[in-house]
Amino acid sequence: MGKGGHGKREILGDDNEPKGDYYAAWSKDVRECEEKFQVRKEHGLSGDDVEKRRQIYGPNELEKHDGPSIMRLILDQFNDTLVRILLVAAVVSFVLAWYDGDEGGEMEITAFVEPLVIFLILIVNAIVGVWQENNAEKALDALKEIQSEHATVIRGGKKVASLPAKELVPGDIVELRVGDKVPADMRVLSLISSTLRVEQGSLTGESEAVSKTTKAVSEDVDIQGKKCMVFAGTTVVNGNCICLVTQIGMHTEIGKVHSQIHEASQSEDDTPLKKKLNEFGEVLTAIIGVICTLVWLINVKYFLSWEIVDGWPRNFKFSFEKCTYYFEIAVALAVAAIPEGLPAVITTCLALGTRKMAAKNALVRKLPSVETLGCTTVICSDKTGTLTTNQMAVSRLYAMSSKPHDVRSFDVQGTSYDPFDGKIQNWPGGQLDSNLQMIAKIAAICNDADVEKAGQEISGHYVANGMPTEAALKVMVEKMGLPNEIVSGLSSGYDGVLRCSYAWNKLEQRIATLEFDRDRKSMGVIVNSRSGKKTLLVKGAVETLLDRSSFVQLLDGSIVEMDKEFKEVILKSLHQMSSSALRVLGFAYKDDLPEFATYNGDEDHPAHQLLLNPANYSSIESRLVFVGLAGLRDPPRKEVPEAIDDCRTAGIRVMVITGDNKETAEAICRDICVFGRHENITSRSLTGKEFMELSSRDKQSHLSQSGGLLFSRAEPRHKQDIVRLLKDSGEVVAMTGDGVNDAPALKLADIGIAMGIAGTEVAKEASDMVLADDNFSTIVAAVGEGRSIYNNMKAFIRYMISSNIGEVASIFLTAAIGIPEGLIPVQLLWVNLVTDGPPATALGFNPPDKDIMKKPPRRSDDSLISPWILFRYLVIGSYVGLATVGVFIIWYTQSSFLGIDLSGDGHSLVTYSQLANWGQCHTWQNFTASPFTAGDQVFKFENPCDYFQTGKIKAMTLSLSVLVAIEMFNSLNALSEDGSLITMPPWVNPWLLIAMSISFGLHFLILYVPFLAQIFGIVPLSVNEWLLVLAVSLPVILIDEVLKFVGRCTSGVRRSDARRSSKHKAE
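Rules used in this analysis
Residues numbered from 1 in each chain as written. Predicted model: local features only at pLDDT ≥ 70, side-chain atom pairs only at ≥ 80, totals over all residues. Heavy atoms only, no water. Helix = DSSP H or I, 4+ residues; strand = E, 2+ residues; numbered from the N terminus. Buried < 20%, exposed > 50% of the residue type's maximum accessible area, 1.4 Å probe, protein only. Contact = heavy atoms within 4.5 Å. Areas by Shrake-Rupley, 256 points an atom, 1.4 Å probe, with all protein chains shown as cover. Phe/Tyr/Trp six-rings, centres within 6.5 Å; stacked < 30°, edge-to-face > 60°. Patch = residues over 30% accessible without salt bridge, like charges linked within 9 Å, V, L, I, M, F, W, Y side chains within 5 Å. Salt bridge = Lys/Arg side-chain N within 4 Å of Asp/Glu carboxyl O. Pairing = 2+ DSSP bridges. Axes fitted to C-alpha atoms, helices over the stretch in contact; angles between N-to-C directions. Lys, Arg positive; Asp, Glu negative; His and termini not counted. Charge placed at Lys NZ, Arg CZ, Asp CG, Glu CD. UniProt positions renumbered as here; feature names shortened; annotations may be inferred. Disulfide = S-S within 2.5 Å. Parallel < 35°, antiparallel > 145°, perpendicular 65-115°, else oblique. Left-handed = near helix turned anticlockwise from the far one by under 90°. Nonpolar A, V, L, I, M, F, W, Y, C, P; charged D, E, K, R; others polar.

What follows covers the overall build of the chain. Of the regular secondary structure elements, the chain holds 37 helices and 34 strands. Within the chain, the proportion of its 1067 residues that are buried is 56%. Within the chain, residue pairs in contact and separated by at least 24 positions form 72% of the contacts whose partners lie at least 6 positions apart. About 45,400 Å² of surface is accessible on the chain, with carbon and sulfur atoms providing 55% of the total.

Okay, structure coming up:
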């Protein structure tokens, strides 16, 4: 474990610390840095210095934060209102079952089934929750993997190769070479090569490798501006240098990201749905409490009686048996009121949603993210790799015309390294003129990059090896093609991607390279040309090439002198491309190389000495012939503008947050329609630093603007602050990113979305969802899917809650009117978990509304169940209660109902008064109960009063069957919130019909398999009894159709009331 927080800290670079407590090495020159760290680059630290500093600063590694213990995670799973109610119900059920068990008998098995099943549900729920939360810290482990493992260090005047990177201390002198991973934050002391370029995009968000220098910069620059610093975890792509370690472990930039990820993981909020369910659980607790109290108050006379003597109650009589009986009814109420199957159905629906999203290239890592996507109001997107391809591509080419002072312009299509992706507009095909041939030759030969296909399948993507700009030039050469006269034979035997570049390199043999350096800003190669002469081919910054060019090549290959007017024409073309945020490279050549006339790469040749000294390169690259220029950029993805427009239609704001420079980012935002082509975006485009300098009120005001926003040059902490401010103002934020710098914000956002192809493992592990195709439009499709899933979840939540209201009404009515108990807890548990489960799950397959992405996102505080829906299901629930209690009373009191004969089993009829006062049975004179049949069983009663206890088994079966049938028909009502079954018939969701069949099948199973019938306390039913069940159950559809009709007629009034209420809340 790192000791990053121990000991004295004089040189820390944490932005949160006071100015005097850290050392801004980037703003000090090399000598000052050496003095501060008491070291010389030639000698390095001594062994004693290293040991002393290690005692102060600890090892160079990231801290391992101890996550919550397994016991803590398990206890956290019970920090949920619904779960706590279930736990109490299970404990009470178990105690009552244990108490009743002393009597023995068959019902003992039944009594223990209920608490054991509830405990099983709670255990499974806890296991799933612990498993999910145990994976939460993997982003921190992935961050450690990108750290360097070894470093080349100078200590005691000797070079130590492959020193473990964790042994580095501040003040160590480190040598970096091409391909090295930087082991700590370091100040560049000297360059061994002429240039040093570092790929740090994953940390800073920049789209290109960055040139490093030894020159000090201003103290208050952002991370991208620290040109003399290299940062831990980044990679050297060109050159080598000597550096001084300034920060290690948790005080490096990557260490700060580590801390921010940990901090963000500590403050993860519940999803909107979880909040709604918690609120619902609290309301449910209150309702259960009230109903249980009412049941006890109504029935207190049965277990507690007294006499009034002298105006005071005396001679209290208490029946423990009766008290326990009504306590069991209260427990049954709790079981009936809680939708035990809801967690399982929600998980199933979300899992099905993840499969649908996976088919659309959105891989969901955390199930609740599926639902949260549906109420996303803001998408904060990284630019590089998400909105753009993260593959440099040439978008415009300027070549010389047939007459002086004129240029030709070609638009180059394509957004990737795929040579077949797009073509060049108005291209002459194989008829390449001399000027275009020279441009192709320079772009192909003065180039060290390569492009290859990753994967052999047709859909395989193309990747660049080397500098992205050089790879883009080679792709342009492929699109240019070869002139007809040199096509044949040159690329035979070559099986790579770049056939044209291969042909040019075979035609013109490269014998020397003039490496790029930051002073002359160009790269040159000397080749053996077809004419036998040596030719110098040069590419580089247009301004510096023009300064060293004396001539211009025209279309036909003729050479004219470079005059002021021609220079202005070329500079105008340069300005046009630069203003569109293109990176522009110029091409030039030189045939007149007398000192290299006989040079063939021989080290003994006099000309070779010229090449060993980079100071000679500018004079060699003089009196050049300028031939053309190309504009490159990281192009926007083709499908992004349409996706941005879809977001606008769906009421979702898009904010671009990037580490890239402001001009490039603004140009891309205009291209993808975040901003209009000519819109004034002064108030919409800020750098991260400019935004952080605003007051808190101005920050909120800026973020609340309608339409798109851009934040450029953003650091990780800027991204976090923006996400945090948006969440504080009630927005549901989806954040995309691919780099290490994006990970803290991905963790903090409601939905963190990482890139699957270009994304770092750190970003993926910090995210909730990974895009398999790195495509912004996939997010928009996923949002639509999330909305559909939420609507379907509302459907089955409404269905399950309305069913539970019916069960509660049934038990309450039973207790209120004093008839025998019609439904026992284990039966209710079976209905809630098993019978209701398949239809509820099938409602998750409801087809999405056609206009789902044309509606604004729902507010995160929108109620799950509106007052009207609650009223509707109270009406439905009341009918369910009446029907289940009613069928119980009908069996005991009626020989027929609606023409259905019920006397076939031979049971005795009683009056309603006798049924309601069955507890007084032992006082009745001449009361007898006839035996009756149920299937092949015959029920006889030695004690006639047992007719209301063991004899109620047929009436209980009818009540349970009515409950199951009503809930199946009620699932048809849940197909649409307000739509009639006439406009949305059952077959629009065939899965629901299958689920209803499964549920009825399961009910038949427990009715007609003797062992199961014994457990559930039920018996088989006759055909006439099933007709009674259907007659009592079917009206639920007609009742809800009437309520839906009223709902459709009053929907406008209710919406305006909701808007007024929402406005009042906001005020």
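The next subject is the packing of aromatic side chains. Pairs of aromatic rings are described using the distance from one ring centre to the other and the angle between the two planes. Tallied over the entire structure, the rule returns 21 aromatic pairs. Seen from their ring centres, Trp891 and Phe932 are 5.3 Å apart, and the 70° between their planes marks the pair as edge-to-face. Of the two residues, Trp891 sits in helix α31 (residues 867–893) while Phe932 sits in strand β33 (residues 932–934), which places them 41 residues apart along the sequence. Taken as a pair, Trp891 and Phe932 share a single burial class, namely buried. Centre to centre, the rings of Phe1004 and Tyr1008 are 6.4 Å apart; their planes meet at 50°, and the pair counts as tilted. On the criterion of helical spacing, the pair formed by Phe1004 and Tyr1008 is a turn pair, its members being four residues apart in helix α34 (residues 990–1008). Classification of Phe1004 by relative accessible area gives partly exposed; the value is 37%. Judged by relative accessible area, Tyr1008 falls into the partly exposed class, the value being 40%. Among the aromatic residues, ring-to-ring pairing joins Phe888, Trp891, Tyr892, Trp924, Phe927, Phe932, Phe939, Phe941, Tyr947 and Phe948 into one connected group.

With that settled, the discussion passes to a nonpolar patch on the surface. Together, Ile70, Met71, Ile74 and Leu75 make up an exposed nonpolar region whose accessible area comes to about 360 Å². With respect to the helices and strands, the residue Met71 is situated in helix α3 (residues 70–76). Looking at Met71, the relative accessible area reads 52%, which means it is exposed.

Before going further, it helps to spend a moment on the sheet that holds strand β8 (residues 235–238). Spatial strand order, β6-β5-β8: three strands in an open sheet with antiparallel pairing. At either margin of the open sheet sits one strand with a lone partner, and together these are β6 (210–211) and β8. Where strand β5 (residues 197–199) and β8 come together, three bridges link them in antiparallel fashion. Bridged to Arg197 within β8 is Asn238.

Here we come to the sheet that holds strand β29 (residues 751–755). One open sheet accounts for eight strands, arranged β12-β30-β29-β28-β13-β25-β27-β26; its pairing is mixed. Each edge of the sheet is formed by a strand with only one pairing partner; in this case those strands are β12 (362–364) and β26 (685–687). On average, each strand axis in the sheet is tilted by 20° relative to the strand beside it, whichever way the strands run. Of the strand pairs in this sheet, strand β25 (residues 653–657) and strand β27 (residues 709–712) are connected by three bridges, and their pairing is parallel. Across the sheet, Ile657 pairs through a bridge with Phe711, a residue of β27. Seen against the sheet, helix α25 (residues 716–728) touches β13 (378–381), β25, β27 and β28 (733–737) and runs at an angle of roughly 165° to β28.

Summarising the sheet, strand β14 (residues 393–400) and strand β15 (residues 407–411) pair through five bridges and their orientation is antiparallel. What sits directly across from Ala399, in β15, is Arg408. Following β14, the chain reverses through six residues before pairing antiparallel with β15; His405 in that reversal takes a positive phi of roughly 65°.

Enumeration according to the criterion identifies 29 salt bridges in this entry. We note a salt bridge from Glu51 to Arg54, for which the minimum N-O separation is 3.1 Å. Residue Glu51 and its partner Arg54 are located together in helix α2 (residues 47–57), separated by three residues, close to a single helical turn. Residue Glu51 is classed as partly exposed on the basis of its relative accessible area of 42%. Classification of Arg54 as partly exposed rests on a relative accessible area of 22%. Look at the salt bridges and you will find they share partners, linking Lys159, Glu175 and Arg177 into a network.

Turning our eyes to something else, we now look at the environment of Ala440. For Ala440, the position within the fold is in helix α14 (residues 434–445). Sequence separation between Ala440 and Glu478 is 38 residues; the distance between their C-alpha atoms is 8.8 Å. If near-sequence neighbours (up to four positions away) are discounted, Ala440 is found in contact with Val477, Met480 and Trp504.

Glancing now at a negative patch on the surface. Taken together, the side chains of Glu561, Asp563, Glu565 and Glu568 define an acidic patch exposed on the protein surface. You can see Glu568 is positioned in helix α18 (residues 564–578). Judged by relative accessible area, Glu568 falls into the partly exposed class, the value being 46%.

Our focus in this paragraph is the UniProt feature "transmembrane region" (unreviewed entry) in the chain. As annotated by UniProt and renumbered to match this structure, "transmembrane region" (unreviewed entry) occupies residues 81–99, 111–131, 283–304, 324–352, 870–892, 991–1020 and 1026–1046. With 100% helix and 0% strand, residues 870–892 has its two end C-alpha atoms placed 33 Å apart. Annotation note: span residues 1026–1046, helix share 95%, strand share 0%, distance between end C-alpha atoms 32 Å.

Counted under the stated rule, the structure contains one disulfide. Across a sulfur-sulfur distance of 2.0 Å, Cys921 and Cys945 are joined as a disulfide pair. Handedness here is read from the sign of the S-S torsion; for Cys921 and Cys945, about -95°, the answer is left-handed. With Cys921 in the loop between α32 (912–916) and β33 and Cys945 in the loop between β34 (937–939) and α33 (953–973), this residue pair connects regions lying 24 residues apart in the sequence. Judged by relative accessible area, which is 17%, Cys945 ranks as buried.

Here we take up the packing of helix α28 (residues 776–817) against α33. Axis separation between α28 and α33 bottoms out at 10 Å; the angle between their running directions is 150°. When the axis of α28 is compared with that of α33, the two are roughly antiparallel. Our pair here, α28 against α33, has a crossing hand that is right-handed. Taking contact as the criterion, the partners of Tyr799, Ser802, Ser803 and Glu807 in α28 are, on α33, Leu963, Glu967, Met968, Asn970 and Ser971. Within the contact of α28 with α33, the residues separate by chemical class into three nonpolar, four polar and two charged.

Here we come to the side chain of Thr415. The residue Thr415 is located in the loop between β15 and α14 in this model. According to the relative accessible area criterion, Thr415 is buried, its value standing at 15%.

What follows deals with the pairing of strand β11 (residues 312–318). The buried count for β11 comes to zero of seven residues, which makes it a mostly uncovered element. The turn joining strand β10 (residues 304–309) and β11, which pair antiparallel and follow one another in sequence, is formed by two residues; a positive phi near 55° is taken by Asp310.

So, on to the environment of Val780. Along the chain, the position of Val780 falls in helix α28. Aside from chain neighbours lying at most four places away, what touches Val780 is Ala643, Asp646, Cys647 and Met853.

On to unusual backbone geometry. In this model, Lys521 sits at a positive phi of 55°, which is unusual for a non-glycine residue. Among the secondary structure elements, Lys521 is positioned in the loop between β18 (509–517) and β19 (522–528). Not every positive phi belongs to a glycine, and Cys673 is a case in point at roughly 75°. With respect to the helices and strands, the residue Cys673 is situated in the loop between α22 (662–671) and β26. Given a relative accessible area of 36%, Cys673 falls into the partly exposed group.

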